[in-house]
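Listed below are the residues making up each chain.
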Amino acid sequence: MKLELVGFKICPFVQRVILMLHAKNIAHEVTYLNPKDLPSWLSQLSPLGKVPLLRVLNDEGEHEAVVFESQVINEFLDENYGLPLMPQVSLERARQRGFVAVADGILGSLWNWMVAKDTTGVDDARAAICQSLRVLNEALRDDEEFFTGVFGIVDCAMLPFFMRLQELESAGAEPLPCADLPRVAAYRRNLLALPLAKTSVVPEFSALYLGFVKSQGGLLGGGLR
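Residues numbered from 1 in each chain as written. Predicted model: local features only at pLDDT ≥ 70, side-chain atom pairs only at ≥ 80, totals over all residues. Heavy atoms only, no water.

Let's shift gears to the overall build of the chain. The helix and strand inventory of the chain stands at 10 helices and 4 strands. Going residue by residue from the N terminus, the α and β elements of the chain occur as β-α-β-α-β-β-α-α-α-α-α-α-α-α. Taken against the 2.2 N^0.38 rule, which gives 17 Å for 225 residues, the C-alpha radius of gyration of the chain at 18 Å falls within 12% of a compact globule. When the backbone C-alpha atoms are referred to their principal axes, the chain occupies close to 55 × 45 × 30 Å. (Helix = DSSP H or I, 4+ residues; strand = E, 2+ residues; numbered from the N terminus. Rg over C-alpha atoms; globule rule 2.2 N^0.38 Å.)

If you want it as structure tokens, here you go:
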């Protein structure tokens, strides 16, 4: 069985899957699409018309199946390759899936911040991010490096946000008003220090991402260097 991941270079949900692939040392290929020139076959393979897509190929390279939605892909990879990262206890699995949903909400609020064209929209988006980060701060433990003792599903979901926040702050964005959350601050440092963080994106990620933010015409992009 061969795996081909299909996605966009700056998509945080694609990055989630690459993090899982690298964390478990799973052999794969990545095909990056141009979001402005999508191939006709994307809508045929993706029931939702979105990326990421994981194409499952046979040993001859022929298409067998497709898995879609980043969390579904990551759980498929976790169940079928190496030692599982997801816990065996059903309540803990549910808790981790819940915090993946929290990460989804944070990325949605980050998008709202990026496209907001007035201060009310910016403030609302930043407040929503902080509300979710406060929830995360309460769930983290001082004695654990990641969400649990080892890098796992929730970390794959959260790391793309922290990487994008770091890029924005480095380019001049005002820090979030909740930057003083101690567990979140340590968690952010631990995630971004991982070699996986750098290898989960293309070398030109910073320029591509900041260029994309600026192209949205929001207040955020207009204030970046």
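Attention now moves to the pattern of salt bridges. Counted by the stated rule, this structure contains 11 salt bridges. The shortest N-O distance in the salt bridge between Glu75 and Arg97 comes to 2.8 Å. Note that Glu75 is positioned in helix 3 (residues 70–80) and Arg97 in helix 4 (residues 90–115), a separation of 22 residues in sequence. We classify Glu75 as buried; its relative accessible area is 12%. Since its relative accessible area comes to 36%, Arg97 is described here as partly exposed. (Salt bridge = Lys/Arg side-chain N within 4 Å of Asp/Glu carboxyl O. Buried < 20%, exposed > 50% of the residue type's maximum accessible area, 1.4 Å probe, protein only.)

Let's shift gears to the sheet that holds strand 3 (residues 53–57). The sheet built from 4 strands is open, its strands ordered 2-1-3-4 with mixed pairing. Looking at strand neighbours, the two that pair on one side only are strand 2 (29–32) and strand 4 (63–68), the edges of this open sheet. Neighbour to neighbour, the strand axes of the sheet diverge by 25° on average, direction disregarded. The sheet contact formed by strand 1 (residues 2–7) and strand 2 spans 4 bridges and is parallel. In the strand pairing of strand 2, Glu4 is matched with Glu29. Where helix 1 (residues 12–23) meets the sheet, its contacts fall on strand 1 and strand 2, and the angle it forms with strand 1 comes to roughly 155°. Across the face of the sheet, helix 3 comes into contact with strand 1, strand 3 and strand 4 while running at roughly 120° to strand 4. (Pairing = 2+ DSSP bridges. Axes fitted to C-alpha atoms, helices over the stretch in contact; angles between N-to-C directions. Contact = heavy atoms within 4.5 Å.)

Quick look at the state of the cysteines now. Cysteine pairs can be covalently joined through their sulfur atoms, and such a bond is termed a disulfide. Evaluation of the coordinates by the stated rule reveals 1 disulfide. Here Cys130 pairs with Cys178 through a disulfide, and the sulfurs are 2.2 Å apart. Across the S-S bond of Cys130 and Cys178 the torsion is about -85°, and the bridge reads as left-handed. Separated by 48 residues along the polypeptide, Cys130 in helix 5 (residues 119–139) and Cys178 in the loop between helix 6 (153–170) and helix 7 (182–192) bring together distant segments of the chain. Neither residue differs from the other here; Cys130 and Cys178 are each classed as buried. In this structure Cys11 is a free cysteine whose sulfur lies 14 Å from that of Cys156, the closest cysteine sulfur available. Taking the relative accessible area as the measure of exposure, Cys11 reaches 12% and is therefore buried. For Cys156, a relative accessible area of 0% puts it in the buried group. (Disulfide = S-S within 2.5 Å.)

All right, on to the packing of helix 6 against helix 7 then. In the contact formed by helix 6 and helix 7, the axes pass within 9 Å of each other and the chain directions differ by 95°. In terms of axis orientation, helix 6 runs roughly perpendicular to helix 7. Across the interface between the two elements, Val154, Asp155, Met158, Leu159, Phe162, Met163, Leu165, Gln166 and Glu169 from helix 6 touch Val184, Tyr187, Arg188, Leu191 and Leu192 from helix 7. For the contact of helix 6 with helix 7, the class distribution of residues is 10 nonpolar, 1 polar and 3 charged. (Parallel < 35°, antiparallel > 145°, perpendicular 65-115°, else oblique. Nonpolar A, V, L, I, M, F, W, Y, C, P; charged D, E, K, R; others polar.)

As a further point, take the nonpolar core. Ranked by internal contacts, the top residues of the largest apolar core, which has 75 residues, are Trp113 and Leu133. Sorting elements by how many residues they give to this core places helix 6 first, with 11 residues. With residues up to four places along the chain from it excluded, the contact list for Trp113 reads Val122, Ala125, Arg126, Ile129, Leu165, Leu168, Ala173, Glu174, Leu176 and Leu220. (Core = buried A, V, L, I, M, F, W, Y, C linked by side-chain atoms within 4.5 Å.)

Okay, the packing of aromatic side chains next. Applying the stated criterion across every chain yields a total of 6 aromatic pairs. Aromatic side chains Phe162 and Tyr187 sit 5.9 Å apart centroid to centroid with 90° between the ring planes, which places their arrangement in the edge-to-face category. Taken together, the residues Phe162 in helix 6 and Tyr187 in helix 7 connect sequence positions 25 residues apart. Centre to centre, the rings of Phe205 and Tyr209 are 5.7 Å apart; their planes meet at 5°, and the pair counts as stacked. Separated by 4 residues within a single helix, Phe205 and Tyr209 lie in helix 9 (residues 205–215), roughly one turn from each other. According to the relative accessible area criterion, Phe205 is buried, its value standing at 2%. Aromatic rings pair up to connect Phe161, Phe162 and Tyr187 into one cluster. Of note, Arg164 hangs over the ring of Tyr209, and the distance from its end group to the ring centre comes to 5.7 Å. (Phe/Tyr/Trp six-rings, centres within 6.5 Å; stacked < 30°, edge-to-face > 60°. Lys NZ or Arg CZ within 6 Å of the ring centre and 35° of its normal.)

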